[in-house]
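# Results of the structural survey
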Amino acid sequence: MKEELVSVIDSALTTAGPVGSAGTGGLGLPVLSAPETALLRRLDGVFEGWGTQAGAQSMIMPPLLPVASLARLDFYDNFPHQAVVVSALDLRNGRPGADGPPVAFAGDALEPARLALPSAACFAVYLSMEGARLTQDTTVTVLGRCFRREEHYEQLRRLLGFHMREVVALGSREFVTAHLSRFEARISAFLTALGLPFTKEAATDPFYDRGGQRALLQRLSPVKHEFVVDGLAIASLNVHRNFFGERCDIRHGDAADPVFTGCAAFGLERWLSVLRGRFGDWGAALQAVEAAATDSAVAS
């Protein structure tokens, strides 16, 4: 009976319904059970290992970013629907909650929101290197807590808050191209070893003005490809060309041209979702990941 009760609780905690339903799951903020947490950490270890094997430095980025910094990257022009900002309470008019415990704070009860919750892990990497003069091609890997406002949330498939592992390359065009080709092979081999049917599809969510010349170039030569399993994008390969190098003034030594950048990104909760659909049992999924990590490493 105790085991059945734990199973019911785990299932309830990881179910995310429409916005506004009871519990944090309905807000796109699920609690992961111990087996789910173990699987997420193992998956992240696999993806981080791919990065470090390719020479990536593992780094920890800040959980919040300045609104002004993201604005310089055109984030609020391109993704206003995803944006989530944070603010402290404005206590100049007294302490809130005099009429009872609050369930929400109105805008006039808050200080101006100067900080934001990032929607992707790589933004912090580029901003942390602002003004840098790189002496060599560079690879960085980070695990970020990311946040995206959505019209609705759905179990582990679509969340307000989630984990994203990224492996970011900064350097020459050729270096970035080789980086993404290496990860395309890695991801394909891993999914094949897991027995997960997948497609690789072009996506259209540019990091720049949709009406500009860069957006036109993307339509002619897509800059983002997603690995899709069961209708869900679980990993992506992103070519930013020199956009972030230009906006953040990241260059090779004294070279006049900004660096090119690109990243491989993994939405970890989404991987959990498709693995649950494939194997049903978290323990079986973990064993499959262990085996596939070895098999795909040999294949690559």
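An account of the accompanying structure is given in this report.

A few words now on the overall build of the protein chain. For the protein chain, the count of helices and strands is 10 helices and 12 strands. Sequence separation of at least 24 residues holds for 71% of the intrachain contacts in the protein chain that already meet a minimum separation of 6. Counting only carbon and sulfur atoms, one obtains 54% of the accessible surface of the protein chain, whose full area is about 15200 Å².

Here we take up the sheet that holds strand β3 (residues 84–86). Paired through backbone hydrogen bonds, the strands of a sheet run either parallel or antiparallel to each other. Taken together, the three strands give an open sheet; going across it, the order is β2-β4-β3, and neighbouring strands pair in antiparallel fashion. Looking at strand neighbours, the two that pair on one side only are β2 (65–66) and β3, the edges of this open sheet. Taken together, the two bridges between β2 and strand β4 (residues 115–117) define a ladder with antiparallel strand orientation. Across the sheet, residue Leu-65 finds its bridge partner in β4, namely Ala-116.

Turning our attention to the pairing of strand β6 (residues 138–147). The element β6 is largely enclosed, with a buried count of eight among its 10 residues. In terms of strand pairing, β6 meets strand β7 (residues 161–171) through 10 bridges, oriented antiparallel. If you follow Thr-139 over to β7, its bridge partner there is Ala-169.

Scanning the model with the defined rule gives 16 aromatic pairs in all. Look at Phe-266 and Trp-271: their rings are 6.5 Å apart centre to centre, the planes differ by 50 degrees, and that puts the pair in the tilted class. Accessibility classification places Phe-266 together with Trp-271 in one group, the buried group. Lying across the ring of Phe-279, Arg-278 places its NZ or CZ 4.9 Å from the centre.

Next up on the list: helix α6 (residues 173–194). Here α6 contains 22 residues, and its C-alpha end-to-end distance of 32 Å stays within 8% of the 32 Å for a straight helix at 1.5 Å per residue. Within α6, the full set of buried residues consists of Val-176, His-179, Leu-180, Phe-183, Arg-186, Ile-187, Ala-189, Phe-190, Leu-191 and Leu-194. Phi turns positive one or two residues past the end of α6, at Gly-195, with a value near 75 degrees.

A few words on the side chain of Thr-138. Counting through the fold element by element, Thr-138 comes out in strand β6. Of the polar contacts made by the side chain of Thr-138, one reaches the backbone oxygen of Gln-136; its length is 3.0 Å. Leaving out residues up to four positions away in the same chain, Thr-138 has contacts with Gln-57, Met-129, Val-168, Ala-169, Leu-170 and Phe-175.

The backbone of Asp-74 sits at a positive phi, close to 65 degrees, despite the residue not being glycine. Counting through the fold element by element, Asp-74 comes out in the loop between α3 (67–72) and α4 (75–78). Positive phi is not limited to glycine here, since Asp-249 has a value of about 55 degrees. Residue position: Asp-249 is located in the loop between α8 (243–247) and β11 (251–252).

Our next topic: the pattern of salt bridges. Under the definition given, this model contains 12 salt bridges. With a shortest N-O distance of 2.5 Å, Asp-90 and Arg-92 are connected by a salt bridge. Through salt bridges that share partners, Asp-44, Glu-48 and Arg-165 make up one connected network.

Summed over the entire model, instances satisfying the criterion amount to zero disulfides. Cysteine Cys-146 shares no disulfide, and the gap to the nearest cysteine sulfur, in Cys-122, comes to 8.5 Å.

The next thing to look at is the packing of α6 against helix α9 (residues 268–279). Where α6 contacts α9, the two axes come as close as 12 Å, and the packing angle between them is 30 degrees. Looking at the two axes, α6 sits roughly parallel to α9. The residues of α9 that touch α6, namely those facing Phe-190, Leu-191 and Leu-194, are Trp-271, Leu-275, Arg-278 and Phe-279. The class makeup of the residues in the contact of α6 with α9 is six nonpolar, no polar and one charged.

Before going further, it helps to examine the nonpolar core. Across soluble globular proteins, nonpolar side chains have a tendency to be buried as a group. Grouped together as the largest cluster of nonpolar side chains are 71 residues, with contacts concentrated most on Leu-43, Phe-47, Phe-190, Leu-194, Phe-266 and Trp-271. The element that contributes the greatest number of residues to this core is α6, accounting for seven residues. Residue contacts for Phe-266: discarding those within four places in its chain leaves Phe-47, Trp-50, His-163, Met-164, Arg-165, Phe-183, Ile-187, Ile-234, Ala-235 and Trp-271.

Another point: α9. In this model α9 runs 16 Å from its N-terminal to its C-terminal C-alpha over 12 residues, within 8% of the 16 Å that 1.5 Å per residue would give. Taken together, the buried positions of α9 are Leu-268, Glu-269, Trp-271, Leu-272, Ser-273, Val-274 and Leu-275. Of the residues trailing α9, Gly-280 is marked for its positive phi of about 80 degrees.

Rules used throughout
Residues numbered from 1 in each chain as written. Predicted model: local features only at pLDDT ≥ 70, side-chain atom pairs only at ≥ 80, totals over all residues. Heavy atoms only, no water. Helix = DSSP H or I, 4+ residues; strand = E, 2+ residues; numbered from the N terminus. Contact = heavy atoms within 4.5 Å. Areas by Shrake-Rupley, 256 points an atom, 1.4 Å probe, with all protein chains shown as cover. Pairing = 2+ DSSP bridges. Buried < 20%, exposed > 50% of the residue type's maximum accessible area, 1.4 Å probe, protein only. Phe/Tyr/Trp six-rings, centres within 6.5 Å; stacked < 30°, edge-to-face > 60°. Lys NZ or Arg CZ within 6 Å of the ring centre and 35° of its normal. Expected span 1.5 Å × (residues − 1). Polar contact = N/O pair within 3.5 Å; in protein donor to acceptor, adjacent residues only side chain to side chain. Salt bridge = Lys/Arg side-chain N within 4 Å of Asp/Glu carboxyl O. Disulfide = S-S within 2.5 Å. Axes fitted to C-alpha atoms, helices over the stretch in contact; angles between N-to-C directions. Parallel < 35°, antiparallel > 145°, perpendicular 65-115°, else oblique. Nonpolar A, V, L, I, M, F, W, Y, C, P; charged D, E, K, R; others polar. Core = buried A, V, L, I, M, F, W, Y, C linked by side-chain atoms within 4.5 Å.

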